[in-house]
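# Summary of structural features
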Amino acid sequence: MATVSLTVNGQRVSAEVEGRTLLVQLLREHLRLTGTHVGCDTSQCGCCTVHLDGKGVKSCTVLAASCEGATVTTIEGLAPEGKLHPMQEAFREHHALQCGFCTPGMIMSAVDMVRRKGNDLDEHTVREQLEGNLCRCTGYHNIVKAIQAGAAAMKRKA
Amino acid sequence: MYDFDYHRPGSLDEAAAMIAGKDDVKLLAGGMSLIPALKLRLARYSDLVDLGAIDALKGIRREGNTLVIGAMTPHAEVAASAEVARAIPALAALAGGIGDPLVRNRGTIGGSIANADPAADYPAGVLGLGATIVTSRREIAADDFFLGLFETALKPGEIITAVRFPVPQAAAYCKHPQPASRFALAGVFVAKMAGGVRVAVTGAGPSVLRFEQAEAALAKKFDPSALEGITLAPDDLNSDIHASAEYRASCVVVMARRAVQRASEARAR
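Description of the structure in this document. (Residues numbered from 1 in each chain as written. Chains lettered and ligands numbered in written order. Predicted model: local features only at pLDDT ≥ 70, side-chain atom pairs only at ≥ 80, totals over all residues. Heavy atoms only, no water.)

The next point concerns the overall build of chain A. Per the secondary structure count, chain A includes 5 helices and 5 strands. For chain A, the N- to C-terminal ordering of α and β elements is β-β-α-β-β-β-α-α-α-α. For chain A, whose C-alpha radius of gyration is 15 Å, the value lies close to the compact-globule estimate of 15 Å for 158 residues. Along the first, second and third principal axes, the C-alpha set of chain A runs to 45 × 30 × 25 Å. Taking all 158 residues of chain A together, the buried fraction comes to 54%. If you take every contact in chain A between residues at least 6 apart in sequence, the share linking residues at least 24 apart comes to 57%. When the accessible surface of chain A is split by element, carbon and sulfur atoms take 47% of a total near 7300 Å². Distance between charge centres in chain A, computed from 17 positive and 16 negative side chains, equals 4 Å. (Helix = DSSP H or I, 4+ residues; strand = E, 2+ residues; numbered from the N terminus. Rg over C-alpha atoms; globule rule 2.2 N^0.38 Å. Buried < 20%, exposed > 50% of the residue type's maximum accessible area, 1.4 Å probe, protein only. Contact = heavy atoms within 4.5 Å. Areas by Shrake-Rupley, 256 points an atom, 1.4 Å probe, with all protein chains shown as cover. Lys, Arg positive; Asp, Glu negative; His and termini not counted. Charge placed at Lys NZ, Arg CZ, Asp CG, Glu CD.)

So, about helix H2 (residues 86-93) of chain A. Residues and elements named next belong to chain A. Within the span of H2, buried status applies to Pro86, Met87, Gln88, Ala90 and Phe91. Tucked inside the fold, the buried residues of H2 contact helix H3 (103-117) and helix H5 (141-157). Histidine 95 sits one or two residues past H2 and shows a positive phi near 45°.

All names here are of chain B. In total, this model carries 2 aromatic pairs over all chains according to the counting rule given. Taking the centre distance of 4.9 Å and the plane angle of 85° together, the rings of phenylalanine 145 and phenylalanine 146 count as edge-to-face. Here arginine 44 stacks its cationic end above the ring of tyrosine 2, 3.9 Å away from the centre of that ring. (Phe/Tyr/Trp six-rings, centres within 6.5 Å; stacked < 30°, edge-to-face > 60°. Lys NZ or Arg CZ within 6 Å of the ring centre and 35° of its normal.)

Let us look at the sheet that holds strand S5 (residues 66-70) of chain B. Residue and element names in this part refer to chain B. Taken in spatial order, the 5 strands make up an open sheet running S4-S5-S10-S6-S7, and their pairing is antiparallel. Strand pairing shows two members of the sheet lacking a second neighbour, strand S4 (60-63) and strand S7 (139-141), which therefore form its edges. Along the sheet, successive strands turn relative to each other by an average axial angle of 25°, direction set aside. Pairing between strand S6 (residues 132-135) and S7: 3 bridges, direction antiparallel. Directly across from isoleucine 133, in S7, lies its bridge partner isoleucine 140. (Pairing = 2+ DSSP bridges. Axes fitted to C-alpha atoms, helices over the stretch in contact; angles between N-to-C directions.)

On their own, these measurements won't tell you what the molecule is for.
Below is the structure:
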């Protein structure tokens with residue numbers, strides 16, 4: 001066991017972890033931040049997407065110990081308490097979910113997409129850039145619309 | 001995942017000291033292949049040495065006619081680099097097509113080539129461009145580096161620090177990805193260098209390989225038409241649930257033609 005210290009959603013936290021503890025286990029089981037989901041546990045579905053030092057990663061495939069000194073943002077930390085991030089608002093507005101299991105990962109991945117590709121996203125770009133996130137309900141149609149709208153709204157709010 | 005002792009050295013010397021003389025220790029780069037393998041208990045190590053805190057292993061720079069990419073540089077950085085786009089746009093495109101965007105934020109060039117997955121993209125670029133792999137001990141030519149299935153010339157205790165790519169006259173990479181995993185069923189990197197043409201194939205055989213017949217034909221005439229009638233023998237290629245060896249052999253030639261076409265167009269611009 002070793003101690004890992006990092007910043008999660010703006011708060012300094014420390015936890016005792018094994019070498020093999022995954023970042024997603026640290027978030028869900030140690031910090032009780034259960035908004036980050038485990039879908040496939042094989043780094044395919046993207047449900048566990050969080051931002052590690054500002055970049056989207058699959059937290060089921062990152063060791064917690066590798067995050068020493070890092071800054072992590074989860075779905076819980078995307079917007080201030082009681083408020084929705086423009087991307088969350090867009091998902092609500094466009095009904096971009098059915099069961100909601102993939103939604104936290106979709107939103108974290110979508111915000112990372114805006115960082116990489118900018119606020120003006122065409123449908124083709126969104127679909128291509130979303131290949132690391134799987135949704136088994138929606139057929140992606142409303143997710144794509146929500147991401148385009150959310151990306152534009154992030155520019156207006158910025 | 002079996003447990004292991006985790007180490008996070010801050011320098012290359014420290015990392016080298018940690019792995020020296022130990023045969024049950026593994027280096028961790030981006031972890032995009034190693035962590036899934038550990039989860040499946042396909043591998044077990046007493047110690048993992050994480051190279052993530054060694055800043056000297058990260059970064060991209062141009063040295064004359066050579067592009068140098070640090071071993072711990074993530075794919076996303078190579079894909080988005082203006083330096084790479086100027087020097088070897090085919091390499092930026094290759095890096096931008098690995099896995100998915102979240103994998104590209106984490107996976108590294110050093111990790112990819114040290115792992116030497118037979119269907120990984122980077123080995124095709126490294127072998128196709130005739131790059132040089134720089135380690136903590138020596139420099140290894142790409143032609144001597146990839147030895148077989150998940151097998152490289154790296155010795156125990158040796159750490160990849162960078163890859164040096166000669167800048168080609170023209171190059172392109174084309175792959176036919178397996179739709180679920182996005183690993184290459186067949187991927188072909190074609191490069192027209194000052195000294196000749198190199199064609200490297202990933203995904204089709206037990207390891208990345210050079211397509212020498214295509215190289216000879218393209219050296220005479222760097223045009224897709226030069227590959228008319230050229231075939232790759234399926235004898236040593238992979239057959240699995242995704243594709244037969246014959247399908248892969250045929251696919252390699254198609255990908256090679258497209259890569260030459262793309263390289264010619266890029267050159268004409």
